[in-house]
Amino acid sequence: MKPSLRPQNPNFSSGPCSKRPGYSLNNLDQSLLGRSHRSGIGKAALKQACDQTAQLLGLPPGYRVGVVPGSDTGAMEMAMWGLLGQRPVDVFGWESFGQGWITDITKQLKLPEVRTLTADYGQLPDMTLANPEHDTVFTWNGTTSGAKLPNGDWIDDQRSGLTICDAPSAVFAMELPWAKLDVVTFSWQKVLGGEGAHGMLILSPRAVARLESYTPAWPMPKIFRLTSGGKLSEGIFRGETINTPSMLCVADYLDALAWIAQLGGVQQSIAKSTANLAVLEAFVARTPWIHFLAHEAAIRSNTSVCFTLDLNAEQIKQLIKLLADEGVAYDIGAYKDAPAGLRIWAGATVEEADLSALLPWLDWAYTEVA
């Protein structure tokens, strides 16, 4: 029978992700609207975004946080174009975005000494193969594969190379070993349910030292430049952005940070996401026709949770359409390059009750199309 209880919030997209519970545009600081990002109030808001991010995440002393253009992709490409080339590079890829960094490094930057280490969707490559004398590029959570790194034990504390970590669906949702990470990038529109187009770039002192001691051989577009006169452009990390940000999006991000603080901090947002994953794990355990794409529990994402179904690709499309037409789940299809299936966001902006309400609908839709 068709279920009667519906999720109050049917937004389970993996990006842009659901807004936080209780979200309202009326809660945003509208004094920022119509003001220049270079005005006193504009720069103060951007600096607040950087400072509160560092405080909530508990970043080590000396780490810098900046707002940059182009979402997480822009932040990653700024880092790669500005930092790589001095040392050999190990680049790991096990889903579409990691494969994209491999393409950038091998076909665009055309670096001469590159090792690519890959795995299929739902699996991880052998991270212990990372050479501590090389620069290492990797994602933390495979947003399109549902597979995450369980820890950073494989990263050598005495490394001479840099670690460059792409982490848009991990920051504020997973434990990250900050002292082992020299560059971390993320975007507002994943775990915090913020708006798109803006990236966050976190640099360790080691990354800053590389920027100030190494000049890449290739031309550097203005939008990628992190140094001026051989020194770090510190203004980027004090709210003086390279290009014009949306002040409405900045206000939205500050609202999301305030919500994290209200929850009790990043540990509580991690716990909320972990509890959401447990709801989905219990459903898979009792349901024979649905399976995690990441079979190994230790590497299973607690944000972008990916599934395969005992259905063909056309039946899966029908199931997804049924759920959307009923208004109980939007945008839950697997990523276009991933195996056919479902991808359900389980980050902290999603309520456990809404996930629980969704599950009988999955059963119903499966029966309808099987």
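Residues numbered from 1 in each chain as written. Predicted model: local features only at pLDDT ≥ 70, side-chain atom pairs only at ≥ 80, totals over all residues. Heavy atoms only, no water.

**Q** So what's going on with unusual backbone geometry? Residues and values would help.
**A** Residue Pro 16 follows Gly 15 across a cis peptide bond; omega there is -10°. Inspection of the secondary structure puts Pro 16 in the segment before α1 (40-57). Phi at Phe 172 takes a positive value of approximately 75°, unusual for a residue other than glycine. Within the secondary structure, Phe 172 sits in the loop between β7 (163-166) and β8 (183-187). The class for Phe 172 is buried, based on a relative accessible area of 1%. Positive phi, normally seen in glycine, also occurs at Ala 197, with a value near 90°. Mapped onto the elements, Ala 197 comes out in the loop between β8 and β9 (198-203). (Helix = DSSP H or I, 4+ residues; strand = E, 2+ residues; numbered from the N terminus. Buried < 20%, exposed > 50% of the residue type's maximum accessible area, 1.4 Å probe, protein only.)

**Q** Any chance you could break down the pattern of salt bridges for me, citing the residues and the numbers?
**A** Tallying each qualifying case throughout the model produces 16 salt bridges. Asp 252 serves as the salt-bridge partner of Lys 19, at 2.9 Å between the closest nitrogen and oxygen. Placement of Lys 19 in the segment before α1 and of Asp 252 in helix α5 (residues 247-263) is noted, with a sequence separation of 233 residues between them. Accessibility expressed as a relative area gives 22% for Lys 19, which makes it partly exposed. On the basis of relative accessibility, which here comes to 4%, the residue Asp 252 falls in the buried class. Here Asp 325 and Lys 321 are joined by a salt bridge, their closest N and O atoms 2.8 Å apart. With Asp 325 and Lys 321 both in helix α7 (residues 313-325) and four residues apart, this pair spans about one turn of that helix. Summarising the burial analysis for this pair, Asp 325 and Lys 321 share the class exposed. What you see here is one network of salt bridges that share partners, running through Lys 2, Arg 6 and Glu 326. (Salt bridge = Lys/Arg side-chain N within 4 Å of Asp/Glu carboxyl O.)

**Q** Residues and numbers for the sheet that holds β7, please.
**A** The seven strands lie next to each other as β1-β9-β8-β7-β4-β2-β3, forming an open sheet whose pairing is mixed. Both outer strands of the open sheet, β1 (64-69) and β3 (114-118), are each paired with one neighbouring strand and no more. Strand-to-strand, the axes of this sheet are offset by a mean angle of 15°, without reference to chain direction. Seen against the sheet, α1 touches β1, β8 and β9 and runs at an angle of roughly 130° to β1. The sheet strands contacting helix α3 (residues 96-108) are β2 (89-93), β3, β4 (135-139) and β7, and the helix crosses β2 at an angle near 150°. (Pairing = 2+ DSSP bridges. Axes fitted to C-alpha atoms, helices over the stretch in contact; angles between N-to-C directions. Contact = heavy atoms within 4.5 Å.)

**Q** I'd like a rundown of the packing of aromatic side chains, residues and numbers included.
**A** Within the structure shown, the criterion is met by 10 aromatic pairs. Seen from their ring centres, Trp 289 and Tyr 366 are 4.2 Å apart, and the 5° between their planes marks the pair as stacked. Here Tyr 366 lies in helix α8 (residues 352-369) and Trp 289 lies in the loop between α6 (266-286) and β12 (290-292), a separation of 77 residues in the sequence. Comparing Trp 289 with Tyr 366 shows no difference in burial state: the two are buried. Above the ring of Tyr 23, the side-chain terminus of Lys 19 is found at 4.7 Å from the ring centroid. Over the face of the ring belonging to Phe 292 we find Arg 300, whose NZ or CZ atom lies 3.9 Å from the ring centre. (Phe/Tyr/Trp six-rings, centres within 6.5 Å; stacked < 30°, edge-to-face > 60°. Lys NZ or Arg CZ within 6 Å of the ring centre and 35° of its normal.)

**Q** Please set out the sheet that holds strand β13 (residues 304-309) residue by residue, giving values where relevant.
**A** Ordered in space as β12-β13-β14, the three strands form an open sheet in which the pairing is antiparallel. With partners counted over all chains shown, the strands left at the sheet margins are β12 and β14 (342-345), one partner each. Neighbour-to-neighbour, the strand axes of the sheet open up by a mean angle of 35°, direction not taken into account. Pairing of β12 with β13 involves three bridges; the strand directions are antiparallel.

**Q** Tell me what's going on with the nonpolar core, and back it up with residues and numbers.
**A** Within the largest apolar cluster, 90 residues are counted, with the highest numbers of intra-cluster contacts made by Phe 138, Trp 140, Phe 172 and Phe 307. Setting aside its immediate chain neighbours within four residues, Phe 307 contacts Leu 280, Val 284, Ile 290, His 291, Phe 292, Leu 293, Ala 340, Gly 341, Leu 342 and Ile 344. Ala 75, Leu 84, Phe 237 and Ile 242 belong to the second largest nonpolar core, which has 34 residues in total. (Core = buried A, V, L, I, M, F, W, Y, C linked by side-chain atoms within 4.5 Å.)

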